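Summary of the model geometry
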Amino acid sequence: MHLQFQRFVTTCLLLAAVLATASALGQEKSSLSGEIGAVIEAEGIDAAKQRFAEVYPAHKDDYEVDIQGMMALGQGYMQAGDMESGMAVMEMMSVISQDMASAAMSTYNPQMAEMQQKAIEADRAAEEQAARKREEEQRTQQRAEAQARGKARDDLDRFRGLYADPADEGRLRTLFVTVSCDGYLVTGPMWADVGPWWMRSAADTVFTYSDSFTSFSMEFAGSGEATSLKHDLEGVTSPLRWVSGLPDEWSDCQERPRR
């Protein structure tokens, strides 16, 4: 606490030249320290903080902003044992000191102020450039994803169902085929806990899939509704026959997973 008070004192001494210039004009105005002190005594600390926020900086020109008076006010409360009021005044002094220091730098060192402004503008330009780069990278990724997916279709319901080898009475190698909510064919194995394969349309009844581990194609046959499915998946009989519709508890379409 004492270190904070000393810091305020040092800042105020550095601002003496600025205050000396303004003091002559400030004599005709009510002092800010007097206003804050009166509010503290009459209405309490919270009301004084609210009053300070109303006055500074929006209406600071209506008052003599007297750092020395504020310092004396805060120090007086602290010496009297009212630390809460004293620290509240010190916080107000901190706001005033920082504002005056910035104003003094702009007034007496315009070169420094110009350098600061240029630095701010450079930072802003760098942020805007980075944002544009991120947006372009996102658009590029979206275009690549859209190209990889192929075109969405609205005629895929005819392929929905479960496909298996009729000789496989235990249905140990059954593929499901459904549609996504955004118009793509989705398939996968019923016998393994793996993510579904989102297929790419290659022709009217031909679909392909490829990732780092799996690559295959499938072709449906049948007049109207599909009745069979040829594929080149390893370890699975081909062609498979349509054996039933999808389970009743399945949703009408598959939601695309969110990243």
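In case you missed it, the structure is sitting above this.
Quantities reported herein were computed from a predicted structural model and do not represent experimental measurements.

1. Regarding the packing of aromatic side chains
Tallied over the full model, the rule gives nine aromatic pairs. Plain terms: the ring middles of Tyr209 and Phe216 are 5.7 Å apart, the flat faces sit at 35° to each other, and that makes the pair tilted. As far as the burial class goes, Tyr209 and Phe216 line up, both buried. Here the aromatic cluster, defined as three or more aromatic residues joined through ring pairs, consists of Phe159, Tyr163, Phe207 and Phe220. Positioned above the aromatic ring of Tyr184 is the side chain of Arg256, whose terminal nitrogen or guanidinium carbon lies 5.2 Å from the ring centre.

2. Re the packing of helix H3 (residues 32-43) against helix H5 (residues 67-79)
One can describe the packing of H3 onto H5 by two numbers: an axis separation of 8 Å at closest approach and a directional angle of 30°. Looking at the two axes, H3 sits roughly parallel to H5. Every pair of crossing elements has a handedness; the one defined by H3 and H5 is right-handed. Along the contact surface, H3 presents Leu32, Ser33, Ile36, Gly37, Ile40 and Glu41, while H5 presents Gly69, Met70, Leu73 and Tyr77. Partitioning the contact of H3 with H5 into residue classes produces six nonpolar, three polar and one charged.

3. Observations concerning the packing of H3 against helix H4 (residues 45-55)
Put simply, H3 and H4 touch, their axes get as near as 8 Å, and they point 150° apart. Here H4 runs roughly antiparallel to H3, going by the angle between their axes. As for the relative orientation of H3 and H4, their crossing is right-handed in sense. On the side of H3, the interface is formed by Leu32, Glu35, Ile36, Val39, Ile40 and Glu43, while H4 contributes Ala47, Ala48, Arg51, Phe52 and Val55. Considering only residue class, the contact of H3 with H4 consists of eight nonpolar, no polar and three charged.

The rules behind the values
Per chain, residue numbering runs from 1 following the sequence as it is written. Predicted model: local features are reported for residues with pLDDT of at least 70 only, side-chain atom pairs are reported and counted for 80 or more only, and whole-chain, interface and lining totals are derived from all residues. Side-chain descriptors were evaluated using all non-hydrogen atoms of the structure, hydrogens and water having been removed beforehand. For Phe, Tyr and Trp, where Trp contributes only its six-membered ring, two rings pair if their centres lie within 6.5 Å, and the inter-plane angle classes them as stacked under 30 degrees, edge-to-face over 60, or tilted in between. A simple rule labels every residue: compare its accessible area, found with a 1.4 Å probe on the protein chains alone, to the largest value its type can have, and call it buried under 20%, exposed over 50%, or partly exposed in between. The rule for a charge over a ring is simple: NZ of Lys or CZ of Arg within 6 Å of the ring centre, and within 35 degrees of the ring normal. Angular values range over 0 to 180 degrees, each being the angle between N-to-C directions of two axes fitted as lines to C-alpha atoms, with helices fitted over their stretch in contact. What counts as a helix is a DSSP run of H or I of at least four residues, what counts as a strand is a run of E of at least two, and both are numbered from the N terminus. Geometric relationships in this document are graded by angle, where less than 35 degrees denotes roughly parallel, more than 145 denotes roughly antiparallel, 65 to 115 denotes roughly perpendicular, and other angles denote oblique. Whether a crossing is left-handed or right-handed is set by the direction in which the near helix is turned from the far one by less than a right angle, anticlockwise for left-handed and clockwise for right-handed. In this analysis, two residues are considered to be in contact whenever any of their non-hydrogen atoms come within 4.5 Å of each other. Residues are sorted three ways: Asp, Glu, Lys and Arg are charged, Ala, Val, Leu, Ile, Met, Phe, Trp, Tyr, Cys and Pro are nonpolar, and all the rest, Gly among them, are polar.

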